[in-house]
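One-letter residues, chain by chain:
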Amino acid sequence: SNYLKNNNEKFDLIIIDASHLYSEVFEDLENSKKIISDNGFIVGDDYEMKFSNVSNVNLNELCNQRLDIYYDNSKKMKFHPGVTMAVYKSFGDLNSINGLFCIQNKNQNFTDYSKELQNNNKWLKKIMINWQIKNELKEFLLKYKNSKVLDFGCGDARYKKLVQENNNYIGV
C-alpha cells in the first residue's frame, strides 16, 4: 500500500486485514515494521495455518499462482497461502490464534506475542479472540490508552465515526 510505504508516523497498533496475495501482504508487513512504535503490536487476519503446518503442497507454487485461498486435503482446512508465506518471510513461523497473528516490536526485534496473550493485555486478547468486535475495542484502546491505531484494510462504514471523532485512529 502506498499509505504504508509513504508514511513516517508511528503507530502503537497496526491491524492488517487487506489483500491475501503474497507480494501485497509481504509489502504491507515490511512497511508496517517501519512505522510500528517500540512496544507496539502488529495484528493480522486470515492467518489460519502457520508455515510449519503446511503439508504436501508447494507454498511457493500456490503463491506464484496468486491463489487467494486453498483447501489442504491432508489438514482438512482452508487457508490463505499468500498470508502464510508473507508472515513466515517477515516474522518467522508464528502461532495462529483463531486465524490471527500478533507481533510485538521491542527495539526493532519482532516477537510472536501469542503466548503472552494468555496472561497479559486483556484488550489485545479480546481483539485476537473476537475479531468482529474490534471496533469497540479500538474505541476503548484509543480513549483509555491514548494510543495511535492504524487499521489497514478496514474498508467498512462502521469505522467512519471513529475516524472522524479520533485523530489517533486511521482506517485505510
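Scroll up for the structure.
Residues numbered from 1 in each chain as written. Predicted model: local features only at pLDDT ≥ 70, side-chain atom pairs only at ≥ 80, totals over all residues. Heavy atoms only, no water.

**A short note on the side chain of K50**
In step 1: Looking at the secondary structure, you find K50 in the loop between β2 (36–44) and α3 (59–64).
In step 2: An unpaired buried charge is present at K50: no salt bridge exists, and D93, the closest side chain of opposite charge, is 4.1 Å distant.
In step 3: Among the polar contacts made by the side chain of K50, one reaches the side chain of N95 at a distance of 3.2 Å.
In step 4: Sequence-distant contacts of K50, that is, excluding residues within four places in its chain, are made with T84, D93, L94 and N95. (Helix = DSSP H or I, 4+ residues; strand = E, 2+ residues; numbered from the N terminus. Buried < 20%, exposed > 50% of the residue type's maximum accessible area, 1.4 Å probe, protein only. Lys, Arg positive; Asp, Glu negative; His and termini not counted. Salt bridge = Lys/Arg side-chain N within 4 Å of Asp/Glu carboxyl O. Polar contact = N/O pair within 3.5 Å; in protein donor to acceptor, adjacent residues only side chain to side chain. Contact = heavy atoms within 4.5 Å.)

**Remarks on the side chain of S90**
In step 1: Mapped onto the fold, S90 is located in helix α4 (residues 81–91).
In step 2: Looking at S90, the relative accessible area reads 10%, which means it is buried.
In step 3: Each residue touching S90, except ones within four places of it in the same chain, is listed here: F26, L29, E30 and K33.

**Focus: the pairing of strand β1 (residues 11–16)**
In step 1: For β1, the tally of buried residues reaches five of six residues, placing the bulk of the element in the interior.
In step 2: Across five bridges, β1 lies against β2 in parallel orientation. Looking across to β2, one finds that L13 is bridged to F41.
In step 3: Chirality of the crossover, the property in question, places the unit of β1, helix α2 (residues 22–35) and β2 among those that are right-handed. (Pairing = 2+ DSSP bridges. Right-handed = clockwise from strand over helix to strand, strands pointing away.)

All we've got here are geometric facts, nothing functional implied.
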